[in-house]
Amino acid sequence: MSVIPLVFTSGWASGINAYAVVLLLGLFGATGVSDEVPAALQRTDVLIVAGVLFLCEAIADKIPYVDSVWDTAHTVIRPVAGAVVAALLAGESGSLPELAAGAIGGSTALMSHLVKAGTRMAVNTSPEPFSNVGMSIAEDLGVAGVITFAIFNPIAAAVIAAVLLVLGIVTVFFLASRIRRFLRRRAQRREEKRLAGTGGHWPPG
C-alpha cells in the first residue's frame, strides 16, 4: 500500500503539533503497534526529547499571546519536522521517493501551521484565556485521534485531515479581520516598547 495517506496525515498533524506526532509515532513503533514507523523515531533519546518539548508546547499553547509567539518560532520547525517525518516514513516503506514524501509532508505541515497560527491570532483578540485553552485541547486531541486512526486506516485518516485542512483555511479566511486586528495591536505594542526604551520621545529629525 502506498504510504502517501500516512505522509499527508503526518504532515497535517505536524503543522499543528510536530512534537506530538513524533512522540505518538515513536511510541506506536516502539510498542509494536505499527511496523511502518521508522526506527529513527523509536529511539529512546528521540522519544524523551519529543516528550519534553511536547510538554513545553502543551503549556505555551494555552497562554494568550504566548501561543502566537510560540507559533512564530515554529514557522520553520513544524514544516521541517513534517518533511523529515514524511521522508522517514517513505524510506521505511519504499513505496514513495523520500524527496517527494518530504515535499508533501513539509508543504502540508506549512499549510496547517499557517491555519493554526492565523486562528490563534484571531482568538487572541479576545481578552479571556478560556478560548485558548479550549482551542489547544481540541488541537491536541485532534492530532492524537487522527494520527492514531492513521495507523490503522491511513486512507480514511488522510481524508479527515484533508477536510480539516480545508475547513481551517476557510475559517482563517472568515477570521481575516480579527487577524489583522491582532497584528495591528502587536505592532502598536512593539512601537510603545520602542518609545519607552528611547525615553518616550520621537527621534530628532
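Residues numbered from 1 in each chain as written. Predicted model: local features only at pLDDT ≥ 70, side-chain atom pairs only at ≥ 80, totals over all residues. Heavy atoms only, no water.

Chemist: Sorry if this is basic, but what is going on with the packing of aromatic side chains here?
Modeler: Scanning the model with the defined rule gives one aromatic pair in all. Measuring from centroid to centroid gives 5.6 Å for Phe173 and Phe174, while their planes differ by 80 degrees, and the two rings are edge-to-face. Here the two residues Phe173 and Phe174 agree in accessibility, since each one is exposed. (Phe/Tyr/Trp six-rings, centres within 6.5 Å; stacked < 30°, edge-to-face > 60°. Buried < 20%, exposed > 50% of the residue type's maximum accessible area, 1.4 Å probe, protein only.)

Chemist: In this structure, what is going on with the pattern of salt bridges? I would like to understand it.
Modeler: Where charged atoms of side chains with opposite charge meet at close range, the side chains can pair. In total, this model carries 10 salt bridges according to the counting rule given. Between Arg120 and Asp61 there is a salt bridge, with its nearest N and O atoms 3.0 Å apart. With a gap of 59 residues between them, Arg120 in helix 6 (residues 98–123) and Asp61 in the loop between helix 3 (44–60) and helix 4 (66–73) connect regions that are remote in the sequence. The pair formed by Arg120 and Asp61 is uniform in burial state, with each residue classed as buried. Among the charged side chains, a salt-bridge network with shared partners connects Glu57, Asp61, Asp67, Asp71, Arg78, Lys116, Arg120 and Glu139. (Salt bridge = Lys/Arg side-chain N within 4 Å of Asp/Glu carboxyl O. Helix = DSSP H or I, 4+ residues; strand = E, 2+ residues; numbered from the N terminus.)

Chemist: Mind showing me how you'd approach the environment of Val52 here?
Modeler: In this structure, Val52 sits in helix 3. What makes Val52 partly exposed here is its relative accessible area of 46%. Residues Val52 and Val22, spaced 30 residues apart in sequence, show a C-alpha to C-alpha distance of 12 Å.

Chemist: For this particular structure, what's the right way to read helix 3?
Modeler: Helical geometry note: an α-helix holds 3.6 residues per turn, so side chains three or four residues apart project in the same direction. With 17 residues, helix 3 extends 24 Å from end C-alpha to end C-alpha; this agrees with the ideal 24 Å at 1.5 Å per step. Restricting attention to buried positions, one finds in helix 3 the residues Leu47, Ala50, Gly51, Glu57, Ala58 and Ala60. Summarising the contacts, the buried residues of helix 3 are in contact with helix 1 (4–30), helix 2 (39–42), helix 4, helix 5 (77–93), helix 6 and helix 7 (130–152). (Expected span 1.5 Å × (residues − 1). Contact = heavy atoms within 4.5 Å.)

Chemist: Honestly, unusual backbone geometry in this entry has me stumped. Any pointers?
Modeler: For residues other than glycine, phi is negative in most cases, and the peptide bonds are mostly trans. One non-glycine residue, Tyr65, adopts positive backbone phi at about 75 degrees. With respect to the helices and strands, the residue Tyr65 is situated in the loop between helix 3 and helix 4. Classification of Tyr65 by relative accessible area gives partly exposed; the value is 28%.

Chemist: Mind showing me how you'd approach the nonpolar core here?
Modeler: Generally speaking, soluble globular proteins have nonpolar side chains that are buried together. Val3, Trp12, Leu25, Val143 and Ile147 are the most contacted members of the largest nonpolar core, which totals 40 residues. Of all the secondary-structure elements, those providing two or more residues to this core are helix 1, helix 3, helix 5, helix 6, helix 7, helix 8 (154–174) and helix 9 (176–197). The element best represented in this core is helix 1, accounting for 13 residues. Apart from the residues lying within four places of it in its own chain, the contact partners of Ile147 are Thr9, Ser10, Ala13, Val21, Leu24, Leu25 and Phe28. (Core = buried A, V, L, I, M, F, W, Y, C linked by side-chain atoms within 4.5 Å.)

Chemist: Where do I start with the confidence of the model for the protein in this structure?
Modeler: Parts of the prediction with low pLDDT should not have their coordinates interpreted in detail. Looking at the protein as a whole, the pLDDT averages 88, with 92% of positions reaching at least 70. Averaged over each element, pLDDT in the protein is lowest for helix 9 (74) and highest for helix 1 (96). (pLDDT = per-residue confidence, 0-100.)

Chemist: Can you help me understand the environment of Thr108 in this one?
Modeler: In this structure, Thr108 sits in helix 6. Remark: the alpha-carbon pair of Thr108 and Thr75, spanning 33 residues in sequence, is separated by 13 Å.

Chemist: Mind showing me how you'd approach a nonpolar patch on the surface here?
Modeler: On the surface, a cluster of nonpolar side chains totalling about 580 Å² of accessible area is made up of Phe149, Ile155, Val159, Ile160, Val163, Leu164 and Leu167. It is helix 8 that provides the largest number of residues to the nonpolar patch, a total of six residues. Mapped onto the elements, Leu167 comes out in helix 8. (Patch = residues over 30% accessible without salt bridge, like charges linked within 9 Å, V, L, I, M, F, W, Y side chains within 5 Å. Areas by Shrake-Rupley, 256 points an atom, 1.4 Å probe, with all protein chains shown as cover.)

Chemist: Any chance you could explain the packing of helix 1 against helix 3 here in plain terms?
Modeler: When two helices pack together, their arrangement is given by the angle between their axes and by how far apart the axes lie. Contact geometry of helix 1 with helix 3 gives a least axis separation of 9 Å together with a crossing angle of 145 degrees. Between helix 1 and helix 3 lies a crossing of left-handed hand. Taking contact as the criterion, the partners of Ile16, Asn17, Tyr19, Ala20, Val22, Leu23, Gly26 and Leu27 in helix 1 are, on helix 3, Val46, Leu47, Ala50, Gly51, Leu53, Phe54 and Glu57. Counted by class, the contact of helix 1 with helix 3 contains 11 nonpolar, three polar and one charged residues. (Axes fitted to C-alpha atoms, helices over the stretch in contact; angles between N-to-C directions. Left-handed = near helix turned anticlockwise from the far one by under 90°. Nonpolar A, V, L, I, M, F, W, Y, C, P; charged D, E, K, R; others polar.)

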